[in-house]
Amino acid sequence: MLFASYNFIVFISVLFIIYYIIPKKYQWVLLLLASYLFYFFAGPSYLIYIAATTISTYIAGRMIGNIAQSQARYLSEHKKELTRGEKRVYRDRQKSKMWRWLLACLLFNFGILAVVKYSNFVIANINHISKAVGGTGGFSFWNIALPMGISFYTFQTMGYIIDVYRGKYSPEKNIFKLALFVSFFPQLVQGPISRFDDLSQTLFKEHPFEYRNISFGLQRIVWGYFKKVVIADRIMVAVNTLIKDPETYQGAFALVGMLFYAFQLYADFTGGIDITIGIAEVLGIKVKENFDRPYFSKSIAEYWRRWHITMGTWFRDYLFYPLSTSKGMMKIYKFTRQHFNPYLGKRIPVYISTIIVWFTTGLWHGSSWNFIVWGLMNCFVIVISQELEPLYSWFHSKVRIGNTIGFRVFQVIRTVLLLSAIRMFDCYRDVPTTFRMFGSMFTVFNYRELFNGSMLNLGLSMADYGVLLLGLVILLTVSLVQRKGSVRAQLASRPHLIRYAIYYALLIAILIFGAYGVGYDSSQFIYNQF
Amino acid sequence: MEELLEILEELHPDIDFEECDTLIDENILDSFDIIALISEINLEFGISIPPDEIVPENFNSAQALYQLIERLSDED
């Protein structure tokens, strides 16, 4: 069941009504049933995977919780008779027991993810190597379906178990509540990747019918659909034409494809998250924001703090910090400091960890070399910018333009171009084609063809381009208004006439300009594949 | 506290660490400094700062950082 489908709209409408009719203490139970029903529609066999993750994490969490509890009890009962050394030995022993449960849980769940998501990638690479050394390379691919949202719910659930191990909070005792945390349907498709201590504050609570929640939530949903069906699904037609035929569409068309894809991905992903957060809001549940006007970033590093925030912070908290402060990294720090200099000592552990994190981020997005190269390219740009920082400071001390609007606009445009260029790896079929297409922008001078009617052969009419242009202006305006805070709160303070005129205009725009019908395929969200 | 101030001053000799309480908020300490600090604290005090303690509140001032070290060594 796609978010952008009539079935889904009926599904959430019925859910909203039942949710506020039934006794409030059963609201979370209804959400669990709805989530499993939603997942059942996606593919009945997927339920086995999500149930396996829930049950294994529940058991590991409870075991870790029990060990932590018995440790606290034992230490308080024997507070006086134990020496500091004895306490430490006891704690270490308990910690290693907890560690074994954590490790088993991580291996099991990341193991499932690895098998379903990456086994065919590994087989393809083995075949490739085998052929290169004269073998047959004949391992056949597994016919295994990728369960919907598995990357998202696995990361979210593993974040939970790591937090329990770290003692950040106690494990959830009710397995059905944990099951809801794992499967909460609005965020199953493409995140955000929530934290248990954050989401559980509202997920299991009783929610009375509140006009503001319903009104704001519905507005957010409508805004999300506008981005998805009016903009993303429309521009997708041109993007698909351009990237599926790289032999024909080179040079100027590669540049158009690159920019269109940046526009499509923004509308698709942020629109999807708007729908998610909006649905949660109608239900009285608070889901973390995943974007902070990312296309206004002035550097790639800043962009990654503002785009897909919950994924970035997941990698930071559960991979980057543990890696960069691990015993191995400390040894590297000590060694480089002693044998080279403090400057390198500071940088090497951070850079090694950064490379590993970006490699993993790439792999998380998809099981292909395109995504791995995409991740490493992001890493490369971030590391180079970091190392060039003294040069930038020197430049700005000589040429005082850093605070001018013109320079900031330049930084924003530069960042958008850079991230769009790196994103080309998302689009083309393999890494060499991507490099070739990027190169063609500078070697194939067919920019005049953009104005000879060729743009009308990409599957979009003049009217479609008009709608897209208007969409771009609206997105830009909303982003600029957002600088002063919530757009909906600002709208709410306007006279009724203006407010309702805007609501209806948006609704009518979706109904009239939504990309439906022949030639359009109401599509799955891009991030759903990750 | 003396040892901690020495470590911090080695990282940024130009900052008055006894006074400053916006080390993170004003971007005086970057991620390289934080990771280096954690390693130095480990070498000097034998204390491991766990990843979930890497939050601005613990690193904004020398005092906050010292309190974190004391808390972690008490737990030990």
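Because the structure is predicted, anything quoted here is derived from the model rather than measured.

So what about the overall build of chain B? Which residues, and what values?
Helix and strand content of chain B: 4 helices and 0 strands. In summary, chain B has a C-alpha radius of gyration of 11 Å against a globular reference of 11 Å for 76 residues, a match within 12%. Principal-axis analysis of the C-alpha atoms gives chain B an extent of 35 × 25 × 20 Å. Within chain B, buried positions represent 25% of all 76 residues.

Can you break down the overall build of chain A residue by residue, with the values?
Counting its regular elements, chain A contains 20 helices and 0 strands. For chain A, whose C-alpha radius of gyration is 26 Å, the value lies close to the compact-globule estimate of 24 Å for 530 residues. Projected onto the principal axes, the alpha-carbon positions of chain A cover approximately 85 × 70 × 60 Å. Among the 530 residues that make up chain A, the fraction classed as buried is 36%.

Quick rundown of the interface of chain B and chain A? Include the residues and the values.
Listed per partner, the contact involves 14 residues of chain B and 16 residues of chain A. Split into classes, the residues belonging to the side of chain B that touches chain A amount to 9 nonpolar, 3 polar and 2 charged.

Break down the domain arrangement of chain A for me, citing the residues and quoting the values.
Residues and elements named next belong to chain A. As far as domains go, chain A holds domain 1 (6–206), domain 2 (207–290 + 430–530) and domain 3 (298–424). Just the C-alpha atoms count here: the centres of domain 1 and domain 2 sit 31 Å apart. Taken together, the 21 residues of domain 1 in the interface contact 20 residues of domain 2. Split by residue class, the side of domain 1 that touches domain 2 holds 10 nonpolar, 7 polar and 4 charged.

Any chance you could break down the nonpolar core for me, citing the residues and the numbers?
With 129 residues, the main nonpolar core has Phe181 and Ile235 of chain A as its most contacted residues. Leave out the neighbours within four places in its chain, and Phe181 of chain A touches Tyr160, Phe196, Leu199, Ser200 and Leu203 of chain A.

How would you explain helix α8 (residues 211–244) of chain A if you had to name every residue and give the values?
Residues spaced three or four apart along an α-helix point in a common direction, a consequence of the helix completing one turn every 3.6 residues. Residue and element names in this part refer to chain A. Here α8 contains 34 residues, and its C-alpha end-to-end distance of 47 Å stays within 8% of the 50 Å for a straight helix at 1.5 Å per residue. At Ala232, α8 shows its maximal bend, which comes to roughly 30 degrees. α8 sits mainly inside the fold: 24 of its 34 residues count as buried.

Explain the packing of helix α16 (residues 405–427) of chain A against helix α17 (residues 431–443) of chain A to me, using residue names and the numbers behind them.
Residue and element names in this part refer to chain A. Packing of α16 against α17 leaves a shortest axis separation of 8 Å and a crossing angle of 140 degrees. When the axes of α16 and α17 are compared, the pair comes out oblique. Every pair of crossing elements has a handedness; the one defined by α16 and α17 is right-handed. For the pair formed by α16 and α17, the contact residues are Ala421, Met424 and Phe425 on the first element and Thr434, Met437 and Phe438 on the second. The residue inventory of the contact of α16 with α17, partitioned by class, reads 5 nonpolar, 1 polar and no charged.

Quick one: what's the story with unusual backbone geometry, residue by residue and with numbers?
Residues and elements named next belong to chain A. Following Gly191, the chain continues into Pro192 via a peptide bond in cis, with omega recorded as 0 degrees. Tracing the chain through its elements places Pro192 in the loop between α6 (175–183) and α7 (196–203). In this model, His308 sits at a positive phi of 45 degrees, which is unusual for a non-glycine residue. For His308, the position within the fold is in the loop between α10 (300–306) and α11 (309–324). By C-beta crowding, His308 is classed as buried, having 24 other C-beta atoms within 10 Å.

How would you sum up α11 of chain A? Please name residues and give values.
Largest kink in α11 of chain A: about 40 degrees, centred on Arg316 of chain A. Of the positions making up α11 of chain A, those classed as buried are Thr310, Met311, Trp314, Phe315, Phe320, Tyr321, Leu323 and Ser324 of chain A. Elements in contact with the buried residues of α11 of chain A: α5 (150–166), α12 (327–339) and α13 (342–365) of chain A together with α2 (31–45) of chain B.

I'd love a proper account of the environment of Ile150 of chain A, names of residues and values included.
Structurally, Ile150 of chain A is set in helix α5. A tally of 20 C-beta atoms within 10 Å means that Ile150 of chain A is categorised as buried.

Calculation criteria
- Residues numbered from 1 in each chain as written.
- Chains lettered and ligands numbered in written order.
- Predicted model: local features only at pLDDT ≥ 70, side-chain atom pairs only at ≥ 80, totals over all residues.
- Helix = DSSP H or I, 4+ residues; strand = E, 2+ residues; numbered from the N terminus.
- Rg over C-alpha atoms; globule rule 2.2 N^0.38 Å.
- Buried ≥ 20, exposed ≤ 12 C-beta atoms within 10 Å, placed from the backbone.
- Contact = placed C-beta atoms within 7 Å.
- Nonpolar A, V, L, I, M, F, W, Y, C, P; charged D, E, K, R; others polar.
- Domains from an automatic or database assignment.
- Core = buried A, V, L, I, M, F, W, Y, C linked by C-beta atoms within 7 Å.
- Expected span 1.5 Å × (residues − 1).
- Bend = angle between axes of the 7 residues up to and from the residue.
- Axes fitted to C-alpha atoms, helices over the stretch in contact; angles between N-to-C directions.
- Parallel < 35°, antiparallel > 145°, perpendicular 65-115°, else oblique.
- Left-handed = near helix turned anticlockwise from the far one by under 90°.

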